[in-house]
Amino acid sequence: MALPLEGITVLEFSQYLAGPYAGLRLADLGARVIKIERPRVGDACRQLAIKHLFVDGDSLLFHTINRNKESYAANLKDPEDLAKVKALVKHADVITHNFRPGVMDKIGLDYQTVRQLNPTIVYGEVSGYGKTGPWVNKPGQDLLAQSVSGLAWLSGNDSPDPTPFGFAIADMICGTHLAQGLLAALVRRQQQGIGALVEVSLLESILDFQFEGITTYLNNGEQLPKRSQVAGAHTLLEAPYGVYQTADGYLAIAMTDLGQLLELLECNVTSEQLSQPYEQRDAIKAAIQRRLVARSTDHWLTTLEAADIWCSDVYTYATLMNQKAYQQLDMDLTVSRPNGASVTTTRCPIQLNGDKLRSDVAAPALGNANEQLASEGLLDD
């Protein structure tokens, strides 16, 4: 199957997660993504391990976010290497980087300089907190961006303590925004023949992720939503939304007709509580919980689904992956390096014309494309 971005070349100066996540999506869609890495050490993410898991000398995290790419090792402080990179720039369609503001200027690879080499380049920059302002030199790291964004006070149960997400959500959202901006700029370039500077930041992305909460805050007397005492609750939604314990597991209940649910469960809830489903949500949920814990999850699924109540089991990875619904998605993907080292990960979630986007090419070994790029003449000025 011909992929939409075949023929597009991306030079990825980005490290860690946000920029490389955008590169991963572009690679999935057919682009040739070449990571520009430091000799000997490469992208710092190669050594950023999750649970100290490594495959073929590189962290499992690096493998998950850099599959289907190539690697060109170059010392950007060396004039000869830099000249080769600038020659490569002339053949590129997209560049991404997440260096701190000013670093690419010193190297001579900032947008204004690059566009002189390649006038139609689409140039993507990732920063932590924007290119100006008092936080311009603050480390652009996921946990730090979550922590200053207000998100940590909306996650988890009612508690005096902040609760950040356990995953790099700021990086993932920011990488998604970068990919969207790059694709839009590529469309305009095709239509009008002009390049673009695309800028995103971790902070702006994680703020956008919270548009529900921030919009409510700004339009509701600047009152911060109160976290529920019941597990799995949504800070902005009333009862019964949440996760409840059953006799043998857990049950999630989403938006539904509260009166119908209470009648089915024969819950004892006062009319005053029912008239205030948000303010009294913890009391209502406690009444629901007392009923649900008496029977099994399967019992309640059968009962509630028959009444068109939106609910589901709460799976672990192990139980999910044994489900036929998961298996039919065919999400598992094994990628391999030429030496046989392999990693099982997840495929791109996008489908085109009914075809799932799959590639068995693993994350590149450092400098694996140096000879290939030279043989193609792409390093000659």
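Residues numbered from 1 in each chain as written. Predicted model: local features only at pLDDT ≥ 70, side-chain atom pairs only at ≥ 80, totals over all residues. Heavy atoms only, no water.

Looking up the chain in an unreviewed UniProt entry gives the name CoA transferase, with the organism given as Neiella litorisoli.

S.K.: Now, about the pairing of strand S6 (residues 94-97): what can you tell me, with residues and values included?
M.R.: Across the two faces of S6 the burial is the same, with Val94 and Thr96 and Ile95 and His97 all buried. Across three bridges, strand S1 (residues 9-12) lies against S6 in parallel orientation. Looking at S6, one finds that Val10 is bridged to Val94. Sheet topology places S6 next to strand S7 (residues 122-127); four bridges connect them, and they run parallel. By the bridge assignment, His97 is partnered in S7 with Glu125. (Buried < 20%, exposed > 50% of the residue type's maximum accessible area, 1.4 Å probe, protein only. Helix = DSSP H or I, 4+ residues; strand = E, 2+ residues; numbered from the N terminus. Pairing = 2+ DSSP bridges.)

S.K.: Help me get a handle on the packing of helix H10 (residues 258-265) against helix H12 (residues 281-292), residues and values and all.
M.R.: Running from N to C, H10 and H12 point in directions that differ by 35°, and their axes come no closer than 10 Å. H10 and H12 meet at a crossing whose hand is left-handed. Judged by residue contacts, Leu258, Leu261, Leu262 and Leu265 of H10 engage Ile284, Ile288, Arg291 and Leu292 from H12. By residue class, the composition of the contact of H10 with H12 is seven nonpolar, no polar and one charged. (Axes fitted to C-alpha atoms, helices over the stretch in contact; angles between N-to-C directions. Left-handed = near helix turned anticlockwise from the far one by under 90°. Contact = heavy atoms within 4.5 Å. Nonpolar A, V, L, I, M, F, W, Y, C, P; charged D, E, K, R; others polar.)

S.K.: Explain the packing of aromatic side chains to me, and be specific about the residues and the numbers.
M.R.: Under the defined criterion, the tally for this structure stands at three aromatic pairs. Aromatic side chains Tyr111 and Tyr123 sit 5.5 Å apart centroid to centroid with 55° between the ring planes, which places their arrangement in the tilted category. Within this pair, whereas Tyr111 is found in helix H5 (residues 111-117), its partner Tyr123 is found in strand S7, the two being separated by 12 residues in sequence. With relative accessibility at 0%, the residue Tyr123 sits in the buried group. (Phe/Tyr/Trp six-rings, centres within 6.5 Å; stacked < 30°, edge-to-face > 60°.)

S.K.: Which residues make up the sheet that holds S6, and what are the values?
M.R.: Read across the sheet, six strands follow the order S5-S2-S1-S6-S7-S8 without closing on themselves; strand pairing throughout is parallel. Of all the strands in the sheet, just strand S5 (70-73) and strand S8 (196-201) have a single pairing partner and so form its edges. Ignoring which end each strand starts from, the neighbouring axes of this sheet average 20° apart. Pairing of strand S2 (residues 32-37) with S5, which is carried by four bridges, proceeds in the parallel orientation. Looking across to S5, one finds that Ile36 is bridged to Tyr72.

S.K.: Quick rundown of the pattern of salt bridges? Include the residues and the values.
M.R.: Evaluated as defined, the whole model comprises 17 salt bridges. A salt bridge links Glu376 to Arg32; its shortest N-O distance comes to 2.9 Å. Residue Glu376 is found in the segment after helix H16 (370-375), and its partner Arg32 is found in strand S2; the two are separated by 344 residues along the sequence. Residue Arg32 is classed as partly exposed on the basis of its relative accessible area, which comes to 23%. Among the ionic pairs, Lys35 bridges to Asp43, the shortest N-O distance being 3.1 Å. Accessibility expressed as a relative area gives 1% for Asp43, which makes it buried. Within this structure, Glu37, Arg46, Asp56, Asp58 and Arg337 form a network of salt bridges that share partners. (Salt bridge = Lys/Arg side-chain N within 4 Å of Asp/Glu carboxyl O.)

S.K.: Explain the side chain of Asp171 to me, using residue names and the numbers behind them.
M.R.: As for its placement among the helices and strands, Asp171 is situated in helix H7 (residues 169-192). It is Lys69 that comes nearest to the buried, bridge-free Asp171 among opposite-charge side chains, at 13 Å. If sequence neighbours within four positions are ignored, Asp171 has contacts with Leu17, Ala18, Asp142 and Leu202. (Lys, Arg positive; Asp, Glu negative; His and termini not counted.)

S.K.: Can you explain unusual backbone geometry? Please cite residues and give values.
M.R.: A cis amide bond links Ala239 to the next residue, Pro240, at an omega of 15°. Here Pro240 is to be found in the loop between helix H9 (211-219) and strand S9 (242-245). One non-glycine residue, Tyr16, lies in positive phi territory at about 60°. Tracing the chain through its elements places Tyr16 in the loop between S1 and helix H1 (18-28). Relative accessible area serves as the criterion here: at 39%, Tyr16 is assigned to the partly exposed category. Notably, His52 is not glycine yet its phi reads approximately 60°, a positive angle. Mapped onto the elements of the fold, His52 is located in the loop between S2 and strand S3 (54-55).

S.K.: An account of the sheet that holds S9 is requested, with residue identities and associated values reported.
M.R.: With antiparallel pairing, the three strands of this open sheet are ordered in space as S9-S10-S11. The outermost strands of the open sheet, each flanked by one partner alone, are S9 and strand S11 (311-313). Within the sheet, the average angular offset between the axes of one strand and its neighbour, ignoring direction, is 25°. In the sheet, S9 pairs with strand S10 (residues 250-253) via four bridges, with the strands oriented antiparallel. If you follow Val243 over to S10, its bridge partner there is Ala252.

S.K.: Would you mind going over helix H3 (residues 79-89) in detail, with residue names and values included?
M.R.: Buried within H3 are the following residues: Asp81, Leu82, Val85, Ala87, Leu88 and Val89. Between the side-chain oxygen at the start of H3 and the backbone nitrogen of Glu80 there is a gap of 3.1 Å, and the oxygen is on Asp78. (Polar contact = N/O pair within 3.5 Å; in protein donor to acceptor, adjacent residues only side chain to side chain.)

S.K.: So what's going on with a nonpolar patch on the surface? Residues and values would help.
M.R.: A contiguous nonpolar surface patch, about 400 Å² in accessible area, is contributed by Phe167, Tyr317 and Met321. With respect to the element layout, Met321 can be found in helix H14 (residues 317-321). A residue is classified by how much of its surface remains accessible, and Met321, at 40% relative accessible area, is partly exposed. (Patch = residues over 30% accessible without salt bridge, like charges linked within 9 Å, V, L, I, M, F, W, Y side chains within 5 Å. Areas by Shrake-Rupley, 256 points an atom, 1.4 Å probe, with all protein chains shown as cover.)

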